Amino acid sequence: MINDTINNHDCMSERFAGRSKMLLAGATSLVALCVAASPVAAAPLAAKDAATVDAGQNAATPTTDDQNSTLPKKSQQAATTTGTPDIVVTGIIGSLQRNLDAKRDAPGVIDMISSEDIGKFPDSNVAAAMQRLPGISIQRDGTRGDATGITVRGFGGDFNTTLYDGRRISTAAGGRSVDFSTVGADFIGNLTVLKTPDVTLSSNSIGATINIEFPKPFDHPGFRAAATASGNIQDASGKITPTIGALVSDTFANDTLGVLADVIYTRRDTQTNNVYVHGWPGNKFAPCQMAGTTATVCNPQDAGPGVDPNNAKSIVGWFEQQYGAQQIYSKDERVDGRLALQWHPSESVMVTLDDNYSRQKLLRNNVGFGIWFNQGNFRNIVQDSNGTITDFTQANTQTDFTAETSTQIRETNQVGLNLKWDVNDNLSFNADASYARSTQNPNGEPTADDADVGYGGSLAPTMGITINGDSRNSLPELHGYGPGGNADQWADTSLIGSHVTVRQAQQNSDSLKQFHLIGTWKQDDFQLKFGGQYVDDHFKQSQRNTFVNNFWQAYAGYGPASGSAGGVALPGDLFQGTISTDNFIPGYSGALPPVLLRISPAQYQAYLSSLGNPQAMNIPGFNYSGTTVGNTFTGTFDLALDPSSIRDITEKTWSLFMRADFKTEIAGMPFNFNAGIREESTNISSSGLGQVPVQILTSQADPTLLTIVPSATQPITTKSSYSYLLPSIDMKLELTDKFHLRFDASRTLTRPSLSVLSPVLSVGTGQRIGALSASGGNPSLKPYLSDNFDFAAEWYYQSNSYASVDFFIKNVSNFIVGGTQNQTINDVIDPTTGQKAVFAVTQQVNGPDATVKGVELAWQHVFGQSGFGFNANATFVTTNKPYDPKDISLSGFAVTGLANSANFVGFYEKHGFQFRAALNYRAKYLLQFGQVQNTGLFGSEPTYVDPSLQLDLSSSYDFNDHISVFGEITNVTDQVQSTHGRFSNQLLDVYNYGRRFTAGVRFHF
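Structure report, in brief. For clarity, every value in this text was computed on a predicted model and none was experimentally measured. (Residues numbered from 1 in each chain as written. Predicted model: local features only at pLDDT ≥ 70, side-chain atom pairs only at ≥ 80, totals over all residues. Heavy atoms only, no water.)

## Some remarks on the packing of aromatic side chains
(1) Moving on: Inspection of the entire model under this criterion finds 39 aromatic pairs.
(2) Moving on: Both rings, one in phenylalanine 373 and one in phenylalanine 378, keep their centres 6.3 Å apart while their planes meet at 90°; by these two values the pair is edge-to-face.
(3) Moving on: Given a relative accessible area of 0%, phenylalanine 378 falls into the buried group.
(4) Moving on: With a centroid separation of 5.6 Å and an interplanar angle of 65°, the aromatic rings of tyrosine 555 and phenylalanine 622 are classed as edge-to-face. Here tyrosine 555 is found in the loop between strand 28 (526-545) and strand 29 (575-580), whereas its partner phenylalanine 622 is found in the loop between helix 5 (601-610) and helix 6 (629-632), with 67 residues between them in sequence. Here tyrosine 555 and phenylalanine 622 have matching classes, each one buried.
(5) Moving on: Joined through ring pairs, the aromatic side chains of Tyr323, Phe369, Phe401, Tyr455, Tyr481 and Trp490 make up one cluster.
(6) Moving on: Above the plane of the ring of tyrosine 796 lies arginine 104, whose end atom (NZ or CZ) is 5.2 Å from the centre.
(7) Moving on: Sitting above the plane of the tyrosine 944 ring, lysine 924 keeps its charged end 4.9 Å from the centroid. (Phe/Tyr/Trp six-rings, centres within 6.5 Å; stacked < 30°, edge-to-face > 60°. Buried < 20%, exposed > 50% of the residue type's maximum accessible area, 1.4 Å probe, protein only. Helix = DSSP H or I, 4+ residues; strand = E, 2+ residues; numbered from the N terminus. Lys NZ or Arg CZ within 6 Å of the ring centre and 35° of its normal.)

## What about the sheet that holds strand 35 (residues 705-710)?
(1) Moving on: One open sheet holds the three strands; their spatial order is 34-35-39, and the pairing between them is antiparallel. For this open sheet the edge positions go to strand 34 (693-698) and strand 39 (766-768), each flanked by a neighbour on one side alone. Geometrically, the sheet is characterised by an average inter-axis angle of 35° between neighbouring strands, direction not taken into account.
(2) Moving on: Bridge analysis of strand 35 against strand 39 gives three bridges, and the strand direction is antiparallel. Its bridge partner lying in strand 39, leucine 705 is registered against arginine 768. (Pairing = 2+ DSSP bridges. Axes fitted to C-alpha atoms, helices over the stretch in contact; angles between N-to-C directions.)

## Section: the sheet that holds strand 4 (residues 147-152)
(1) Moving on: Ordered by their spatial adjacency, three strands build an open sheet running 3-4-5, and the pairing between neighbours is antiparallel. Both outer strands of the open sheet, strand 3 (136-140) and strand 5 (155-156), are each paired with one neighbouring strand and no more.

## A look at the pattern of salt bridges
(1) Moving on: Counted according to the given criterion, the structure contains 35 salt bridges.
(2) Moving on: Residue aspartate 449 pairs with arginine 503 through a salt bridge whose shortest N-O separation is 2.4 Å. One end of the pair, aspartate 449, is in strand 23 (residues 448-455); the other, arginine 503, is in strand 27 (residues 503-523), with 54 residues separating them in the sequence. Of the two residues, aspartate 449 and arginine 503, neither departs from the other in class, the shared state being buried.
(3) Moving on: The residue arginine 747 makes a salt bridge to aspartate 787 at a minimum N-O spacing of 2.6 Å. Here aspartate 787 lies in strand 41 (residues 784-798) and arginine 747 lies in strand 37 (residues 739-750), a separation of 40 residues in the sequence.
(4) Moving on: Beyond isolated ion pairs, a larger network of salt bridges with shared partners links Lys103, Asp111, Arg153, Lys195, Asp790, Asp806 and Glu856. (Salt bridge = Lys/Arg side-chain N within 4 Å of Asp/Glu carboxyl O.)

## Topic: the pairing of strand 6 (residues 160-164)
(1) Moving on: Taken across its five residues, strand 6 has five buried, putting it largely inside the fold.
(2) Moving on: Every second residue of strand 6 is oriented toward a common face, with Asn160, Thr162 and Tyr164 on one face and Thr161 and Leu163 on the other, all of them buried.
(3) Moving on: Of the strand pairs in this sheet, strand 6 and strand 9 (residues 208-213) are connected by five bridges, and their pairing is parallel. Bridge pairing in strand 9 places threonine 162 opposite isoleucine 210.
(4) Moving on: Bridge count for strand 6 against strand 7 (residues 167-168) is two bridges, and the pairing is antiparallel. Looking across to strand 7, one finds that leucine 163 is bridged to arginine 168.
(5) Moving on: Connecting strand 6 to the next strand, strand 7, in antiparallel fashion are two residues, including aspartate 165 with a positive phi near 50°.

## Here's the deal with unusual backbone geometry
(1) Moving on: You will see that asparagine 254, though not glycine, has its phi angle at about 60°, which is positive.
(2) Moving on: With respect to the helices, strands and loops of the structure, asparagine 254 is situated in the loop between strand 11 (241-252) and strand 12 (257-277).
(3) Moving on: Classification of asparagine 254 as exposed rests on a relative accessible area of 69%.
(4) Moving on: At threonine 628, a position not held by glycine, the phi torsion is positive, near 70°.
(5) Moving on: Position of threonine 628 relative to the elements: it lies in the loop between helix 5 and helix 6.

## Focus on the pairing of strand 36 (residues 714-734)
(1) Moving on: Of all 21 residues that make up strand 36, 16 are buried, and the element is covered over most of its length.
(2) Moving on: Where strand 33 (residues 669-690) and strand 36 come together, 20 bridges link them in antiparallel fashion. In the strand pairing of strand 36, glycine 688 is matched with isoleucine 716.
(3) Moving on: Following strand 36, the chain reverses through four residues before pairing antiparallel with strand 37.

## Here's the deal with helix 5
(1) Moving on: What helix 5 keeps buried is the set Pro601, Tyr604, Gln605 and Leu608. Buried residues in helix 5, looked at end-on, bunch into an arc of 95°, giving them a common side. In helix 5, the exposed positions angled more than 90 degrees off the buried face are occupied by Ala602 and Ser610.
(2) Moving on: Elements in contact with the buried residues of helix 5: strand 21 (399-422), strand 23, strand 26 (497-498), strand 27 and strand 30 (595-599).
(3) Moving on: Downstream of helix 5 by a residue or two, glycine 612 has a phi angle that is positive, lying close to 115°. (Arc of directions from axis to C-beta. Contact = heavy atoms within 4.5 Å.)

## Quick word on the nonpolar core
(1) Moving on: If you look at the biggest cluster of nonpolar residues, it comprises 60 residues, and the most contacted ones within it are Val275, Tyr323, Phe369, Leu478 and Tyr555.
(2) Moving on: Of the residues forming this core, the biggest block, four residues, is contributed by strand 30.
(3) Moving on: Those residues in contact with valine 275, other than ones at most four positions away along the chain, are Tyr323, Gly324, Ala325, Leu475, Phe584, Ile585, Leu592, Leu987, Leu988, Asp989 and Val990.
(4) Moving on: Formed by 26 residues, the second largest nonpolar core is a distinct cluster that contains Ile206, Tyr722, Leu726 and Leu754. (Core = buried A, V, L, I, M, F, W, Y, C linked by side-chain atoms within 4.5 Å.)

Geometric descriptors of this kind do not, in isolation, establish any biological role.
Pasting the structure below:
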């Protein structure tokens, strides 16, 4: 067992420089100044003329800064329930006014989305709602079209922290980010995006902190109920699926007890077409492989002494590793439930016990084809000026028809207890404890069952791909396809035999224990918050599959029609028809092979199992020569535990914090100032089982496959720790009641994903010739660190209208880079070359620093009492470390996720009728380094997302105070989502996920 301990205490202090250092380091002194200053000595704020307060301001919903505020007095509650009721404006305009008021009054830079009414959040998807805010854009799941993640000012995924009522939520995915498609939006109260940190809440997000607040009984004392029922249909799926939910809230026992419960069921079916190239690896090619060569012999090899120049690999190029198309049918079912109990025994005490539960089951059925290419077998190569291979041929190319049934179940439950106690008019405390557990496939269910059939051997044709255009409008075209090159027999089932059978079962869990205690002292225009927090995060992961026992190759080889001794012929009734590829991706040129074959993985596996036990009888076509499978497979495709997949990672973090808020005047102008510090200390323990390859074997059933024989497992554990001081300053000067200036400076961090903190190197047992790969974790990774600065001007020129500009800059260090290097492992020999095997090894390391800067522009306007209005914003962002596609060095680095974006929402609301049109644009951006296949000579290849423009429409009508109907159309113009590699003609994926139509009814009592 290996134990490493790394201690890095406050290493950030060494990185302060220039003005950045002076501003941030001064925060601690400013806090001390605020604490020492006498509030009485400060000039009091001039009272605002009540006539200047906007009509909707009193309806403003408290933001996260108000979570520890003085509890509502029972006398005030009684006035609400027995006297004249408070007037709370609902609908689009009321919601926008509350959001505006929260933004204006907040000490830092925030944006907020509030529910238009109970049970009426602006969008059915949380991420889709947030993309309407300045500086925020979304990532979509290509197979469903749903918004699953957000990017804030260029920082996406793990750079953003999502909280439920101020608590971190567990996620079994292994990262820090939340998949927003698993978060039900229907009964959310408020959603606040903090772009500058509140040290009493969190400083763990370089992008933003998203705090989702759920309703509670005493938010609105008395009885309230809401229900919603709707149906939705995606145009390609042709199936109407339901959403139905209800919420009930009541307070009783003289308003000392309250209960709120809600539950909602949602189902969404989607049919998506996808064309893909799984990887554009960069490599070097020999002159004899190029079109027009006069060489009579072609044996590509590394350049060196004595090597024929025609055979020396000296020409840089990028090629298609695997090409295919598929149709995916997704069935997404989600259940969300919540129970909140509150006890309010006195005016000074509130106790809240709540439970948040969600369960998502995502079932996918895919059918398609895939063609594998090996760069050493390329001939007649044609390249463009960038080195992209735009045409080639490859002899003896196998054709695989594929099908997969995948199931993903994510279940999350969070239980919390909160106590708020107003000791007196000045002092209050907030204590909160919670436990959350998230599981992915909690019962170890198989997550993927595959069927791979086709033809090869004597039927394998000479195939190739032609690239005719850009990834935004052109598909790669396959030529020479079909058995023996006969395109008319492309899907002739009499020639198709069995090949490989992959099964996988991924099981993850994440348990999160947390506690915080916050004290607040208020006096006149001074407030001091102080406290501490403890978070214990425990992540576990394991996988079982048919690679480890090599059962996936039990009947590999394509069968007798291909002239192969491996594989069996398949009965015709296994094939369930075809899918036409005509107009497969609307708006794209380029023809595909004519059809896809429908086949059920379950029926395919059942047929192979019905052939019997090959250990008890001779079964022609069984892979008797295969490693492990040949003498252990007894007829069923059993799963085996993959030792290299095991992760057991625990992260414990202690935090202490203090924040002082001070209000005074400068030259008669109201000035709000706060300064805070947060100290975080983290200890990490990471365990796994290590293995290295000891032998590589070829497959007689498939000449492209290799089997890795691993060593015995060795338990490995590492430990590390670090500690950082995170200061912040927020200043707001009200030049007039309507015109405000802000300045904010802070230091924040983002921790690496738990899943990448594994101490072991993982080498898959099933590999391809010429594409050996491995991946490794790094438990010694340090967090990203960022010094952040904001300068903003805001003009609140009339009720429910404002304009703002916000300049921001982030100096980020310790960037975590997923580098890929070619190296040998354990000196194991590659049987196809006779040399030491070279693996493309991907591992995370802390890399260079970078600066990100940009500007956010926002404008919200309501046209008097007409009912018309709009909300528009744009974000422009840049960096000093852009990506250079011409750089083929392994040390190349760039900041990912940066893209200019713009949003426009126009609306009308009057006489109970609402209509809203939302247009969202995002420019091309670098999503990540890494593609599905990472086997190139020049490290991890980039993945770019092409520009997108989507239009969504929604409308509703209120029949009365209790009943309304609504409708929604998403992706009105049927836009597709596409990605490309290093250059724009290197298509990686294009998804056509269609439009979705929703109609329903809401009840509110």
